[in-house]
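Chain by chain, the residues run as shown.
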Amino acid sequence: MTDVKTKAPLLKEQKEYTELLKDILYIRYNNRQPKAFVRTYGCQQNVADSEKLKGMLESMGCELTEVKEEADIIIFNTCAVREHAEDRVFGNVGALKALKRQKPSLLIALCGCMMEQEHIAEKIYKSFPYVGLVFGTHVIHRFPELIYNAVTTGKRHIERGYDDGKIYEGLPIHRDGSFKGWLPIMYGCDNFCTYCIVPHVRGRERSRNSCEIIKEAEMMVQSGYKEITLLGQNVNSYGKGLDEEISFAMLLKKVSDIKGDFWLSFMTSHPKDASRELIDVIAENPKISRHLHLPFQCGSDRILKLMNRRYTVEKYLDIVNYAKSRIPDVSLTSDVIVGFPGETYEDFRQTLELIKKVEFTSLFTFIYSPRVGTPAAKLDDPYTHEQKAEWMGELLKTQEEISARRTASMVGKNYRVLVEEQAREGVLNARTHGGVVVEVNAPSELIGTFQNAEITEARNFILRGRIV
Ligand code: SAH
Ligand code: SF4
Ligand code: F3S
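Residues numbered from 1 in each chain as written. Chains lettered and ligands numbered in written order. Predicted model: local features only at pLDDT ≥ 70, side-chain atom pairs only at ≥ 80, totals over all residues. Heavy atoms only, no water.

J.: Sorry, what's going on with the packing of helix H10 (residues 276-284) against helix H12 (residues 313-326) here?
T.: Helix packing for two helices is described by the angle between their axes and how far apart those axes are. Following both chains from N to C, one finds H10 and H12 inclined at 20°, their axes separated by 10 Å at the closest point. By the angle class used here, H10 and H12 are roughly parallel. Helix-helix and strand crossings are classified by hand; for H10 and H12 the assignment is right-handed. Each of Arg 276, Ile 279, Asp 280, Ala 283 and Glu 284 in H10 lies in contact with H12, whose residues at this interface are Asp 318, Ile 319, Tyr 322, Ala 323 and Arg 326. For the contact of H10 with H12, the class distribution of residues is five nonpolar, no polar and five charged. (Axes fitted to C-alpha atoms, helices over the stretch in contact; angles between N-to-C directions. Helix = DSSP H or I, 4+ residues; strand = E, 2+ residues; numbered from the N terminus. Parallel < 35°, antiparallel > 145°, perpendicular 65-115°, else oblique. Left-handed = near helix turned anticlockwise from the far one by under 90°. Contact = heavy atoms within 4.5 Å. Nonpolar A, V, L, I, M, F, W, Y, C, P; charged D, E, K, R; others polar.)

In structure tokens, the structure reads:
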């Protein structure tokens, strides 16, 4: 729960460090504005944290850069969800050695989910002596103090493992996007799916007060944001532990009631807590995204139990079918894990069945990756990576056929789209309310605006359309 009383003095102290750092950093970097580079790995939760780190760096007088070679401060905000994510970080930190040798005043800091695992933080600290600062996900609000200590003492430092269960409001934010923005509504996770490291590195679930969320959303709408995405590991359990009586569906309704032309999205929904009330709110509020990301992970009840997901395939299909009946144009996406320890081909076949029944727009697919300290990592895992990769191939082929069918069915129809970015010369990517990307020929001035597009063609899962 938010503890309003204790947060204020702490943040005041951080503001004082920030003020001191303006001069200290300016002088340290030869009387010029220091440049800071922040790279983010992992999910939107990390992206949102990085936006706070960037906001604090700017308050310290830093200029943000996209070029790490010209940076004076380099921050890697890391992800621990799969081995592959961690390997990328190790590789990229190793590559910083030469940079630090050329530029001894360079300050390298590593933070994020990987640093909340003791064995990883220690490995980083030992293997990369040029990393000056390591800090975990629970001390982001103390970033100015940590930077202050690093530059004034010149000593290396690790700060991690302090989940105080609190939320620190009022940190400055530098948003990456000017019309699409992230808005965390809760932090942490209490679900402890047996394969997942997130609850171990992000701590206990806690919700922000709804008035803080509404205030932030109102500010975003006023400054021209066209899409706001509410973030949490399990948004459906929003509100637990707060003094106010509020559910996620109620919050969604409140945010969508803010005046202005914007789309409201959210992620991620845990199927065990996805309620009919939530589906009704989506159905009745045209601002809310027609896209539901509802990770099922596996289509076998036996494996779902071992995963500690706390729903069955039947319950999953029940909420999916209700969503389809209430929101006729609903676009469903999901995360799937292939090769959970002990998963047999028969279990996997049930995953294929589920995919065919639901007809997802697209899927995020992962081969199971054992995570130190999770219960699943201790289970027997008799199938080889090659076998799992073969199953994955089969899954991708099944989904490709479904995606192709779904996109083909959109041809000839008109959709309201948000124009997002340049795809290539003269071609822009736009996105429907269901989260489907459409390529349109249009001038770049349209980026960040809503348009109507007619879908003219579906080729290799890429939709083409024209602005009408
Ligand atoms: N809170 C979200 C998911 C966050 S992690 C939810 O519950 O839906 C994002 C996705 O990574 C998960 O949905 C899962 O599919 C995948 N994932 C998590 N741990 C994994 C692991 N150990 N191996 C492979 N995939 C994993
Ligand atoms: Fe991980 Fe499960 Fe929490 Fe999602 S709900 S973050 S998969 S433990
Ligand atoms: Fe990765 Fe942490 Fe997100 S482990 S997926 S960055 S919560």
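Here the narrative resumes, following the displayed structure.
J.: Teacher, can you tell me more about the domain arrangement of the protein here?
T.: Bring the parts together and some accessible area is lost; that lost area is often taken as the interface size. The domain architecture assigned to the protein consists of domain 1 (7-159), domain 2 (180-408) and domain 3 (414-467). Look at where the C-alpha atoms of domain 2 and domain 3 centre, and you get two points 25 Å apart. Opposite the 19 residues of domain 2 that make contact, domain 3 presents 15 residues. Interface of domain 2 and domain 3: buried area, both sides summed, is about 1,300 Å²; carbon and sulfur atoms make up 69% of it. When residues of domain 2 are sorted by the area they lose upon contact with domain 3, Lys 226, Trp 263 and Thr 407 head the list and together hold 49% of the total. For Asp 261, the salt bridge identified is with Arg 416, shortest N-O distance 2.7 Å. For the pair domain 2 and domain 3, the number of links is seven residue pairs in polar contact (both at pLDDT 80 or more). (Domains from an automatic or database assignment. Buried area = accessible area lost by both parts, 1.4 Å probe. Salt bridge = Lys/Arg side-chain N within 4 Å of Asp/Glu carboxyl O. Polar contact = N/O pair within 3.5 Å; in protein donor to acceptor, adjacent residues only side chain to side chain.)

J.: Any chance you could explain the site of ligand 1 here in plain terms?
T.: Taken together, 15 residues surround ligand 1, and among them Arg 82, Gln 233, Gln 297, Asp 335 and Ser 369 come closest. Within the side chain of Arg 82, one N or O atom sits 2.9 Å away from an oxygen atom of ligand 1. A distance of 2.7 Å is found between an oxygen atom of ligand 1 and a side-chain nitrogen or oxygen belonging to Gln 297. Out of a free accessible area of 540 Å², ligand 1 has 90% covered by protein chains. When contributions to the shell around ligand 1 are tallied by element, the ones reaching two or more residues are strand E13 (331-338) and strand E14 (362-367). (Near = heavy atom within 4 Å. Areas by Shrake-Rupley, 256 points an atom, 1.4 Å probe, with all protein chains shown as cover.)

J.: Just checking my understanding: could you explain the site of ligand 3 for this structure?
T.: Residues in contact with ligand 3, as listed here, are Gly 42, Cys 43, Asn 46, Cys 79, Ala 80, Val 81, Cys 113, Arg 202 and Gln 233. Here the residues of the shell around ligand 3 sort into five nonpolar, three polar and one charged.

J.: Before we go on, may I ask you to explain empty space enclosed by the protein in this structure?
T.: Where empty space is left becomes clear once a probe the size of a water molecule has been rolled over the atoms. Counted by the stated rule, this structure contains two cavities of 30 Å³ or more. The calculated volume of the largest cavity comes to roughly 260 Å³. Here the residues of the lining of the largest cavity are counted per class, giving six nonpolar, five polar and seven charged. The calculated volume of the second largest cavity comes to roughly 40 Å³. Lining the second largest cavity, in full, are Ala 48, Glu 51, Lys 52, Ile 173, Arg 175, Trp 182, Pro 184 and Glu 216. At the level of elements, helix H2 (44-59) and strand E7 (180-184) are the ones that each hand at least two residues to the lining of the second largest cavity. Considering each element in turn, the lining of the second largest cavity owes the most residues, three residues, to H2. By residue class, the composition of the lining of the second largest cavity is four nonpolar, no polar and four charged. Of the residues that make up the lining of the second largest cavity, three or more belong to each of domain 1 (7-159) and domain 2 (180-408). (1 Å grid on protein atoms, 1.4 Å probe; cavity = no way out; pocket = protein on both sides within 12 Å on 5 of 7 lines; lining within 4 Å. Points joined across faces, edges and corners; volume = space filled by probe spheres on them.)

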